Amino acid sequence: ITDVIMPLMNGKELQARIAGIKPGIKTLFMSGYTADIIATRGFIADGLNFIGKPFSLPMLTQKVREVLEG
């Protein structure tokens, strides 16, 4: 689980670095920005695992389950 926009490195860059160490790792991106805004700015592509902030614990639990099972 990583935020999309962070200081020094964005979530996409972090995911790429981790995937270099552990290929096939599943990633859930989160952000306070909408998925549309994030996609149009090139941070993440459509179809990637994304959850918008704010989210509840049940929402996060469900999304993590979807990512791990998908």
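These remarks concern the structure in this document. (Residues numbered from 1 in each chain as written. Predicted model: local features only at pLDDT ≥ 70, side-chain atom pairs only at ≥ 80, totals over all residues. Heavy atoms only, no water.)

**With respect to the overall build of the protein chain**
Okay, step 1: The helix and strand tally for the protein chain stands at three helices and three strands.
Okay, step 2: Secondary structure elements in the protein chain, listed N-terminal to C-terminal, are β-α-β-α-β-α.
Okay, step 3: Taken over C-alpha atoms, the radius of gyration comes to 12 Å for the protein chain, in line with the 11 Å a tight globule of 70 residues would show.
Okay, step 4: Put simply, the protein chain has 70 residues, and 23% of those count as buried.
Okay, step 5: Restricting the contact set of the protein chain to residue pairs at least 6 apart, pairs at least 24 apart contribute 44%.
Okay, step 6: Surface accessibility of the protein chain: about 4900 Å² in total, with carbon and sulfur atoms responsible for 61%.
Okay, step 7: Considering the protein chain, the positive charge centre built from 8 side chains and the negative charge centre built from 6 side chains are found 6 Å apart. (Helix = DSSP H or I, 4+ residues; strand = E, 2+ residues; numbered from the N terminus. Rg over C-alpha atoms; globule rule 2.2 N^0.38 Å. Buried < 20%, exposed > 50% of the residue type's maximum accessible area, 1.4 Å probe, protein only. Contact = heavy atoms within 4.5 Å. Areas by Shrake-Rupley, 256 points an atom, 1.4 Å probe, with all protein chains shown as cover. Lys, Arg positive; Asp, Glu negative; His and termini not counted. Charge placed at Lys NZ, Arg CZ, Asp CG, Glu CD.)

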